[in-house]
Amino acid sequence: MSTAIECHAESMEAFSKLAPVEAVLFDLDGTICDSDPIHYYAFREMLQEVGFNNGEPITEEFFSEYISGKHNPDIGNFLFPDWDHNKYMKFMDDKEALFRSLAKDQLEPVNGLHKLCKWIEDQGLKRAAVTNAPRANAELMISKLGLADFFQFLVIGSECERAKPFPDPYLKGLELLGASPDHAFVFEDSASGIRAGVAAGMPVVGLITRNPEQVLKDAGGSLLIQDYEDLNLWNMLHELEPSIAKKLDASDGNKQ
Ligand SMILES: [Mg+2]
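Predicted, not measured: the structure shown is a model, and the values here were computed from it.

**Digging into the domain arrangement of the protein chain**
You can read the domains of the protein chain as domain 1 (4-34 + 108-255) and domain 2 (36-106). Taking the mean C-alpha position of each, domain 1 and domain 2 sit 26 Å from one another. Counting residues at the interface gives 19 residues for domain 1, matched by eleven residues for domain 2. At the level of elements, helix H7 (135-144) and helix H9 (191-199) are the ones that each hand at least two residues to the side of domain 1 that touches domain 2. Looking at the side of domain 1 that touches domain 2 residue by residue, the classes come out as five nonpolar, ten polar and four charged.

What follows is the structure, encoded as structure tokens:
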């Protein structure tokens, strides 16, 4: 059995290998804001209305296991195996409209998010948002949290050939940024999203916003944190700083 110190060393190694880091990719729901309670509420109310589970409200555990972080067509197909595609997608679209109307007033950034974004900007790293959320939700979350100028690209899962947990959205993000998976990492909060990041060849920082730590670990999360004030995260970032500074100095030199 490995000790906590060995686990810590292993997780740090996954990131120190990235030096010099050049890009950071973020999931949105649950990663930049704790939006799952709003999604859970919207699903619970609307599923009860259509008599899902004989009108018994779904539990948070059910939501976490079968819905959180997954792609809408997959969720619709899972919840309503007897409905045709158009019917369950109409349900999902109505649910997203309810989410947006509630989220307008309720979205808050994950603790420390703006401090992390400032560090990323100060280091001159490239950054993209990569999400399974519909475009209207993604744009609402980004603008509500004041990150419209922070993200250089936004990748929507349903606009790729395959959404998360497939690597396609993250590979698309890397391509748009012109970055290599050997010098980039991901922030995620769901097992599905972590699998996508790992399959795209990058280490993933997992946020224990809502989903159980063990589930995120099993999905391949390299470093698990509570929020962006977590000391383990800042130790990792500070370890990467010298190589980023060196690379920036070198590229300044090339320009002269
Ligand atoms: Mg998420």
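From this point, things continue past the structure.
**Overview of helix H5 (residues 85-106)**
Between its first and last C-alpha atoms H5 spans 31 Å; for 22 residues at 1.5 Å apiece the expected length is 32 Å, and the two agree. Those residues of H5 that fall on the buried side of the exposure criterion are Tyr 88, Phe 91, Phe 99 and Ala 103. Each element contacted by the buried residues of H5 is listed here: helix H2 (36-49), helix H4 (72-79) and H7.

**Comments concerning the packing of H4 against H5**
Two elements in contact, H4 and H5, have axes whose closest approach is 9 Å; the angle formed by their N-to-C orientations is 115°. The two elements H4 and H5 meet at a crossing, and its hand is right-handed. Across the interface between the two elements, Asn 72, Pro 73, Ile 75, Gly 76, Asn 77 and Leu 79 from H4 touch Tyr 88, Met 89, Phe 91 and Met 92 from H5. Among the residues forming the contact of H4 with H5, the class breakdown is seven nonpolar, three polar and no charged.

**Quick word on H2**
End to end, H2 covers 20 Å across 14 residues, agreeing with the expected 20 Å (1.5 Å per residue, within 8%). For H2, the full list of buried residues reads Asp 36, His 39, Ala 42, Phe 43 and Leu 47. Down the axis of H2, the buried set is contained in an arc of 125°. They therefore lie on one face. Exposed residues on H2 whose side chains face more than 90 degrees from its buried face are Glu 45 and Glu 49. Where H2 is buried, its residues touch helix H3 (60-66) and H5.

**Examining the environment of Asn 235**
With respect to the helices and strands, the residue Asn 235 is situated in helix H11 (residues 231-255). On the neighbour-count criterion, Asn 235 (13 C-beta atoms within 10 Å) is partly exposed. With 56 residues separating them in the primary sequence, Asn 235 and Ala 179 have C-alpha atoms 23 Å apart.

**As for the sheet that holds strand E4 (residues 184-188)**
Pairing between sheet strands relies on hydrogen bonds along the backbone, with the strands arranged either parallel or antiparallel. Strand order in the open sheet formed by six strands is E3-E2-E1-E4-E5-E6, and the pairing between neighbours is parallel. The open sheet has two edge strands, strand E3 (153-156) and strand E6 (223-225), and neither has a second partner. The sheet shows a mean angle of 20° between the axes of neighbouring strands, direction not considered. One ladder, built from three bridges, connects strand E5 (residues 204-207) with E6; its direction is parallel. What sits directly across from Leu 207, in E6, is Ile 225.

**Topic: the pairing of strand E1 (residues 23-26)**
Side-chain alternation along E1 places Ala 23 and Leu 25 on one buried face and Val 24 and Phe 26 on a second face that is also buried. The pairing of E1 with strand E2 (residues 126-131) spans four bridges and is classified as parallel. Along E2, the bridge assignment pairs Val 24 with Arg 127. Where E1 lies against E4, four bridges are found, and the strand directions are parallel. Bridge assignment links Val 24 to a residue of E4, and that residue is Phe 185.

Here is what the cut-offs are and how they apply
- Residues numbered from 1 in each chain as written.
- Predicted model: local features only at pLDDT ≥ 70, side-chain atom pairs only at ≥ 80, totals over all residues.
- Domains from an automatic or database assignment.
- Contact = placed C-beta atoms within 7 Å.
- Helix = DSSP H or I, 4+ residues; strand = E, 2+ residues; numbered from the N terminus.
- Nonpolar A, V, L, I, M, F, W, Y, C, P; charged D, E, K, R; others polar.
- Expected span 1.5 Å × (residues − 1).
- Buried ≥ 20, exposed ≤ 12 C-beta atoms within 10 Å, placed from the backbone.
- Axes fitted to C-alpha atoms, helices over the stretch in contact; angles between N-to-C directions.
- Left-handed = near helix turned anticlockwise from the far one by under 90°.
- Arc of directions from axis to C-beta.
- Pairing = 2+ DSSP bridges.

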